[in-house]
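Coordinates in review
What follows is the residue order along each chain.
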Amino acid sequence: MTLVKQSRDSGLKRRKFLVGAGVTAGAGALARHLPLNVIQPATAADPAPGATVKTEIKHTVCSHCSVGCSVEAVVSNGVWVRQEAAFDSPINMGAHCAKGASVREHGFGEHRLRYPMKLVNGKYERISWDQAINEIGDKMLQLRQQSGPDSVMLIGSSKHSNEQSYLLRKWVSMWGSNNCDHQARICHSTTVAGVAQTYGYGAMTNSFNDLHYSKAVMFIGSNPAEAHPISMLHFLHSKELGAKMIVVDPRFTRTARFAHHYVRIRPGTDIAFVWGMLWHIFENGWEDKAYIAARTYGMDDVRKEVAKWSPDKVTEVTGVPEASVRMAAEMLATNKPSSVVWCMGITQHHVGTANVRALSILQLALGNIGVPGGGANIYRGHDNVQGATDVGPNGDSLPGYFGLAEGAWKHFATVWGVDYDWLKSRFGSKELMEKPGITVSRWFDAVLEENQYVDQPSNLKAVIYWGHAPNSQTRLPDMRAAMQKLDMLVVVDPYPSMTAAMHGRQDGVYLLPAASQFESTGSVTASNRSIQWRERVIQPLFECKTDHEIMYLFAKKLGFGEQLVKNIKVVHNEPVIEDILREINRSCWTIGYTGCSPERLKLHMEHKRTFNPTTLRAESGPCKGDYYGLPWPCWGTPEMKHPGTPILYRLDVPVSEGGMAFRANWGVEHNGVSLLAADGSFTKDSELDTGYPEFDHVFLKKLGWWEDLTPEEKVQAEGKNWKTDLSGGIQRVVIAHGCSPIGNARARANVWNFPDPIPVHREPLVSPRRDLVAKYPTYDDKAAFWRLPTLYKSVQQIDFAKDFPLIMTSGRIVEYEGGGDETRSNPWLAELQQNMFCEVHPTDAARVGVKIGDFMWVETPTGARLKIMAMVTERVPEGLVWMPFHFGGWWMGEDLEKHYPEGGAPTVRGEAVNTGWTYGYDAVTMMQETKVSLCRLVKA
């Protein structure tokens with residue numbers, strides 16, 4: 001879709017692009033697959049007479065969302081000449097969306113960074129890698145000496161492979177700080193927190209393919225037709241088999257047009273809506289009483305809160321009529337198994353974790369967790385958001401969600417082969433070593449805030465953006481002010497990103513060209529927890545280096561190169577990826593990243609065709625019995641051959657075949673009530689027929705199973721538990737007896753350690769319903785939260801609605817991805833959507849005097865003014881506007897093209913909606929608020 005489509009004549013015509021792409025020996029082969037004679041022969045590509053043209057297929061994974069679609073890359077003489085649909089992939093079965101079909105552009109990258117650059121007097125100048133590493137490294141060492149290691153913030157990437165993500169967390173740890181984060185903070189950190197605290201693990205419970213078994217699916221705050229198109233194919237197959245479809249969204253999306261029942265909800269009222277559904281479920285006895293009694297804790301507390309949400313109150317708060325709420329409840333409850341799918345429409349709120357928990361509880365009440373066709377299914381944004389969250393640069397945990405306590409650090413000191421005291425000496429103090437770091441959502445506040453209010457010795461002095469787009473974050477004017485105040489700003493990315501253009505500095509900025517995902521190798525974890533091996537398609541273009549090589553070069557400069565790769569072979573400055581994964585295998589017992597060796601993952605990718613596209617299980621061949629990608633937890637060592645766990649918390653199959661119980665992560669009782677599963681509730685073939693705690697050496701001895709360990713295992717398992725036993729013996733023995741290493745507990749409907757143990761509706765911070773603010777107020781302000789003061793009530797008390805009458809919300813479009821730098825630089829995708837736009841209802845458009853295609857100003861309470869093209873449509877209701885968040889490159893009406901390095905500006909530029917977003921952060925994870933604020937429109 002485009003509003004005003006223009007032909008391009010500045011080096012981006014399809015013909016010119018294709019000719020450029022075809023300057024290879026493979027040009028002829030490419031031409032035969034293109035229609036309408038759109039290219040001409042490329043004479044420069046003629047091979048030398050008699051030369052052998054080597055053509056091979058490389059197996060890789062699309063980088064543009066988290067579904068995990070396979071791509072077959074045809075490479076001729078080292079040049080990526082064509083991509084084919086991977087018909088043998090059980091995930092995408094030969095299908096690609098628009099973004100996936102265009103990933104070959106990474107093999108040419110006209111707009112990419114080509115060599116290191118440095119900003120001098122406002123202009124980017126070319127420098128060498130040696131100069132870049134030395135100058136940046138010297139500055140970091142100077143800041144470390146003057147202000148401590150916590151004066152530097154590192155923002156990693158969910159587009160890194162698992163191995164690169166893991167190495168980056170290790171790198172930051174050895175630098176001596178927890179000030180590291182990545183995209184998951186601002187897309188699904190609330191999911192991780194909410195789901196993990198309810199069930200035990202913070203991940204999608206089932207698979208995309210498992211929707212084939214669903215009888216009803218509710219998409220809430222999720223628009224897979226645009227955000228995850230290939231996942232939609234699996235649901236549409238389910239719909240053909242009779243599944244009912246419910247879509248809950250303030251905007252009538254492309255997904256909603258498929259729905260049997262569409263619910264238009266007021267933004268920021270999801271908890272009230274879910275409690276309204278549960279009110280009808282409890283009222284009609286549609287809940288699964290046996291499941292609740294055997295496998296949940298605290299559901300009676302939920303009943304008390306739900307009882308307050310009579311249909312009239314639900315309608316008053318959400319705007320949804322009673323009949324519509326009841327229909328959604330009945331469709332989901334009476335067509336079982338039923339699934340719930342959510343995305344950022346649920347997570348990106350100041351009550352995001354509470355939203356997630358309400359949906360998690362809804363599925364518990366219906367007995368839909370741990371069954372095929374059920375589940376809480378959460379679709380993530382980038383190709384490796386799940387994996388980077390599992391093992392990457394999180395400020396509050398070490399790889400595998402090990403936390404930051406002394407025991408966790410000692411575990412990794414052992415794995416890394418370094419002394420714990422040396423590791424501790426790298427930090428400013430032991431207290432800082434064990435304190436969660438600053439989040440990506442608010443790093444700029446740690447620059448701008450007075451130091452007395454920042455909960456660490458120094459403000460941030462330097463920030464390294466390593467594969468992260470700044471325009472995916474809110475409050476960009478504050479970020480720009482912070483960028484100008486930093487001593488140093490570094491960008492490591494295949495593309496310059498908006499960081500390179502928005503800062504307004506004259507010096508102190510470095511741009512380092514990183515290789516793309518297709519110029520590297522390693523594993524990535526899809527949303528469904530399947531891990532896939534990505535082969536290197538081509539060698540790094542220009543002067544680009546892989547991320548793990550750059551990490552190693554900096555580590556050597558900063559003095560911990562030897563420690564970083566103590567157990568990892570290095571070849572030509574590149575730490576060997578397979579060795580990094582083997583270190584993950586040896587350390588991350590918590591989430592079962594231990595069974596997924598490089599050899600097993602490569603075998604899966606090679607034999608994709610043997611996996612069933614519904615069950616994901618291999619029915620023949622060398623992977624027979626495995627589930628595709630060994631979805632974690634893949635328990636034990638690789639030699640144990642655990643098949644992976646496609647459905648979490650499933651009791652009707654043995655643990656050795658992918659079954660498991662809810663995790664006993666919160667003890668065995670609370671307030672005198674057992675937290676363990678009821679008698680008779682256990683996984684198939686378990687020798688324990690009741691609930692039990694997580695396993696350690698003491699429990700194993702009490703059961704008489706200690707002697708099942710080998711002598712070597714006993715030495716390593718003594719004094720350890722299932723998470724820290726490096727031999728894997730505890731897990732091996734426990735599973736042999738049919739039990740879950742994590743215990744057999746109840747899921748928690750009451751999370752007593754959260755701000756709201758039972759989720760309650762709280763009005764948005766910037767709410768248009770001033771009458772409801774007093775009845776449903778937000779939280780009190782916090783003095784120190786993730787090292788920063790955080791405001792709630794003091795924001796909500798201000799009445800912005802009288803000057804800003806329209807509700808503002810945002811989302812994804814099918815053409816672009818994330819901050820959009822890669823996809824808006826892709827000529828194929830740029831052709832499809834050339835303008836940033838704002839959807840506005842015809843009535844509101846008439847009030848302002850704009851028609852489709854007119855420019856208008858979107859003004860917000862922060863003082864931001866965004867010049868955006870009007871898209872007049874009834875997809876949005878009167879009183880609400882919607883904008884995509886992928887755009888960037890404009891700044892309040894000004895095109896920033898001249899501020900990018902030469903040739904580095906994306907083809908399509910526009911206002912970043914996040915420039916205008918107001919203050920707001922989740923009360924548990926510091927997730928930013930991007931789904932409900934206020935604005936007004938003015939004709940430009």
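Once that is clear, we can look at the pairing of strand β4 (residues 117–120). Burial along β4 is one-sided: the face carrying Met117 and Leu119 is buried and the face carrying Lys118 and Val120 is not. Direction of pairing for β4 relative to strand β5 (residues 123–126): antiparallel, over a ladder of 4 bridges. Residue pairing across strands places Met117 opposite Arg126, the latter belonging to β5. Here β4 folds back onto β5 in antiparallel fashion, the turn holding 2 residues, of which Asn121 has a positive phi close to 50°.

Moving on, we come to the packing of helix α8 (residues 270–283) against helix α12 (residues 322–334). Viewed as axis vectors pointing N to C, α8 and α12 meet at an angle of 65°, and their least axial separation amounts to 8 Å. With respect to their mutual orientation, α8 and α12 come out roughly perpendicular. Along this stretch, α8 crosses α12, giving a crossing that reads as right-handed. In contact with Phe273, Gly276, Met277, His280 and Ile281 of α8, α12 contributes Glu322, Val325, Arg326, Ala328, Ala329, Leu332 and Ala333.

All right, on to unusual backbone geometry then. Phi is mostly negative for residues that are not glycine, and the peptide bonds are mostly trans. The peptide bond linking Lys336 to Pro337 adopts the cis configuration, its omega dihedral lying at 5°. Looking at the secondary structure, you find Pro337 in the loop between α12 and β12 (338–342). The omega torsion of the bond from Trp632 to Pro633 falls at 5°, within 30 degrees of zero and hence cis. Residue position: Pro633 is located in the loop between α25 (598–606) and β21 (669–670). Phi is positive for Asn121, close to 50°, though the residue is something other than glycine. Residue position: Asn121 is located in the loop between β4 and β5. The class for Asn121 is exposed, based on a relative accessible area of 64%. With a phi angle near 55°, Asn671 is a residue other than glycine that sits in the positive phi range. Structurally, Asn671 can be placed in the loop between β21 and β22 (673–674). Since its relative accessible area comes to 66%, Asn671 is described here as exposed.

Among the 7 residues in strand β2 (residues 70–76), 7 count as buried, and that is most of the element. Pairing of strand β1 (residues 55–61) with β2 involves 7 bridges; the strand directions are antiparallel. Bridge pairing in β2 places Glu56 opposite Val75. By the bridge criterion, 6 bridges tie β2 to strand β3 (residues 79–85) in an arrangement that is antiparallel.

A few words now on the nonpolar core. Membership of the largest hydrophobic core comes to 268 residues, with the highest contact counts inside it found for Trp171, Met218, Phe273, Trp275, Leu362 and Trp443. The dominant element in this core, judged by the number of residues it contributes, is α8, at 9 residues. When neighbours within four sequence positions are excluded, Trp275 is seen to be in contact with Val302, Glu305, Val306, Trp309, Ala358, Ile361, Ile758 and Pro759.

Our next topic: the pattern of salt bridges. What the rule picks out here adds up to 60 salt bridges. When the shortest N-O distance is used, the salt bridge between Arg475 and Asp445 registers 2.9 Å. A residue pair is termed long-range when its members are at least 10 positions apart, and Arg475 in the loop between β14 (462–466) and α20 (476–485) and Asp445 in helix α19 (residues 445–448) qualify at 30 residues. Asp445 shares its class with Arg475; the two are buried. The closest approach of N and O atoms between Lys851 and Asp854, which form a salt bridge, is 3.6 Å. By sharing partners, the salt bridges in this structure join Lys159, Asp383, Arg534 and Glu817 into a single network.

Strands sit in the order β10-β9-β8-β12-β13 across an open sheet of 5 strands; the sheet is parallel. Each edge of the open sheet carries a strand with a single partner, namely β10 (261–263) and β13 (376–378). Ignoring strand direction, the axes of neighbouring strands in this sheet form an average angle of 20°. Of the strand pairs in this sheet, strand β9 (residues 244–248) and β10 are connected by 3 bridges, and their pairing is parallel. When the sheet's bridge partners are listed, Val247 is paired in β10 with Tyr262. Running over the sheet, α12 touches β8 (216–220), β9, β10 and β12 and is turned about 130° from β10.

By the burial criterion, the buried members of helix α11 (residues 311–318) are Pro311, Val314, Val317 and Thr318. The arc that holds every buried residue of α11, seen down its axis, measures 135°, which confines them to one face. Check the buried side of α11 and you find it contacts α8, α12 and α29 (770–773). The first or second residue beyond α11 is Gly319, which carries a positive phi of 85°.

Let's shift gears to the packing of aromatic side chains. Here the structure, examined in full by the defined rule, presents 28 aromatic pairs. Aromatic side chains Trp80 and Phe518 sit 5.3 Å apart centroid to centroid with 55° between the ring planes, which places their arrangement in the tilted category. Of the two residues, Trp80 is situated in strand β3 and Phe518 in the loop between β16 (509–513) and β17 (522–525); the sequence distance between them amounts to 438 residues. Accessibility expressed as a relative area gives 0% for Phe518, which makes it buried. With a centroid separation of 5.2 Å and an interplanar angle of 85°, the aromatic rings of Phe219 and Phe235 are classed as edge-to-face. Pair noted here: Phe219 is in strand β8 and Phe235 is in helix α7 (residues 229–240), with a separation of 16 residues, a long-range link. Of the residues examined, Phe235 reaches a relative accessible area of 0% and is grouped as buried. Here the aromatic cluster, defined as three or more aromatic residues joined through ring pairs, consists of Tyr692, Phe695, Phe699 and Trp705. The ring centre of Trp632 lies 5.9 Å from the NZ or CZ of Arg529, which sits over that ring.

Conventions and cut-offs
- Residues numbered from 1 in each chain as written.
- Predicted model: local features only at pLDDT ≥ 70, side-chain atom pairs only at ≥ 80, totals over all residues.
- Heavy atoms only, no water.
- Buried < 20%, exposed > 50% of the residue type's maximum accessible area, 1.4 Å probe, protein only.
- Helix = DSSP H or I, 4+ residues; strand = E, 2+ residues; numbered from the N terminus.
- Pairing = 2+ DSSP bridges.
- Axes fitted to C-alpha atoms, helices over the stretch in contact; angles between N-to-C directions.
- Parallel < 35°, antiparallel > 145°, perpendicular 65-115°, else oblique.
- Left-handed = near helix turned anticlockwise from the far one by under 90°.
- Contact = heavy atoms within 4.5 Å.
- Core = buried A, V, L, I, M, F, W, Y, C linked by side-chain atoms within 4.5 Å.
- Salt bridge = Lys/Arg side-chain N within 4 Å of Asp/Glu carboxyl O.
- Arc of directions from axis to C-beta.
- Phe/Tyr/Trp six-rings, centres within 6.5 Å; stacked < 30°, edge-to-face > 60°.
- Lys NZ or Arg CZ within 6 Å of the ring centre and 35° of its normal.

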